[in-house]
Amino acid sequence: MTLFILYQTDTWKSKASRIFFGIFDSRNKAIDIAKYYGLYCSCAEVVIEEVTLNQFEDN
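Remember, it's a predicted structure, so these values are computed and weren't measured experimentally. (Residues numbered from 1 in each chain as written. Predicted model: local features only at pLDDT ≥ 70, side-chain atom pairs only at ≥ 80, totals over all residues. Heavy atoms only, no water.)

Asks: Whenever I open this one, the side chain of Gln8 confuses me. Can you help?
Replies: The residue Gln8 is located in strand 1 (residues 2-9) in this model. Of the residues examined, Gln8 reaches a relative accessible area of 15% and is grouped as buried. Engagement of the side chain of Gln8 in a polar contact is seen with the backbone oxygen of Leu39, the distance being 2.9 Å. Among residues more than four places away in sequence, those in contact with Gln8 are Ser17, Arg18, Ile19, Phe21, Leu39, Cys41, Ala44 and Glu45. (Helix = DSSP H or I, 4+ residues; strand = E, 2+ residues; numbered from the N terminus. Buried < 20%, exposed > 50% of the residue type's maximum accessible area, 1.4 Å probe, protein only. Polar contact = N/O pair within 3.5 Å; in protein donor to acceptor, adjacent residues only side chain to side chain. Contact = heavy atoms within 4.5 Å.)

Laid out in C-alpha cells, this is it:
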C-alpha cells in the first residue's frame, strides 16, 4: 500500500523546517488539501513524500 505524507517547508526544502500536515491515500488528495489550506505561497514549498507500507526488503 502506498501512502503520501504532506509537509510544508521553507524554500530550500530542508528537513529541519518541515511541518507535517497529514497522510493521504492518493497524491491528488494531498494536493487538494494543500491548495485548500493555502500551503502554496512564495515563501514556502510543499513536499509530498511517497511511502510504501508492508514491504519487506532483504539486504
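From this point on, the discussion continues.
Asks: Hey, could you run me through the packing of aromatic side chains in this one?
Replies: The geometry of an aromatic ring pair is captured by two quantities: the separation of the ring centres and the angle between the planes. In the structure shown here, the tally under the stated rule is 2 aromatic pairs. Ring geometry for Tyr7 and Phe20: centres 6.3 Å apart, planes at 65 degrees, overall edge-to-face. Separated by 13 residues along the polypeptide, Tyr7 in strand 1 and Phe20 in strand 2 (residues 19-24) bring together distant segments of the chain. Accessibility expressed as a relative area gives 15% for Tyr7, which makes it buried. (Phe/Tyr/Trp six-rings, centres within 6.5 Å; stacked < 30°, edge-to-face > 60°.)

Asks: Looking at this model, I keep getting lost on the sheet that holds strand 2. Mind explaining?
Replies: Within the open sheet, the 3 strands sit side by side as 2-1-3. Their pairing is antiparallel. The strands lining the two open edges of the sheet, one partner per strand, are strand 2 and strand 3 (45-52). On average, adjacent strands in this sheet sit at an angle of 20 degrees to one another, irrespective of strand direction. Pairing of strand 1 with strand 2 involves 5 bridges; the strand directions are antiparallel. Paired with Ile5 across the two strands is Ile23, which belongs to strand 2. In the packing of helix 1 (residues 27-36) onto the sheet, the strands contacted are strand 1, strand 2 and strand 3, and the crossing angle to strand 3 comes to about 155 degrees. (Pairing = 2+ DSSP bridges. Axes fitted to C-alpha atoms, helices over the stretch in contact; angles between N-to-C directions.)

Asks: Before we go on, may I ask you to explain the nonpolar core in this structure?
Replies: Within soluble globular proteins, side chains that are nonpolar tend to cluster in buried spots. Listed in full, the 8 residues of the largest apolar core are Phe4, Leu6, Phe24, Ala30, Ala34, Leu39, Val46 and Ile48. Sorting the residues of this core by element identifies strand 1, helix 1 and strand 3 as the ones contributing at least two each. Excluding residues that lie within four positions of it along the chain, Phe4 makes contacts with Gly22, Ile23, Phe24, Asp25, Ser26, Arg27, Ile48, Glu49 and Glu50. (Core = buried A, V, L, I, M, F, W, Y, C linked by side-chain atoms within 4.5 Å.)

All we've got here are geometric facts, nothing functional implied.
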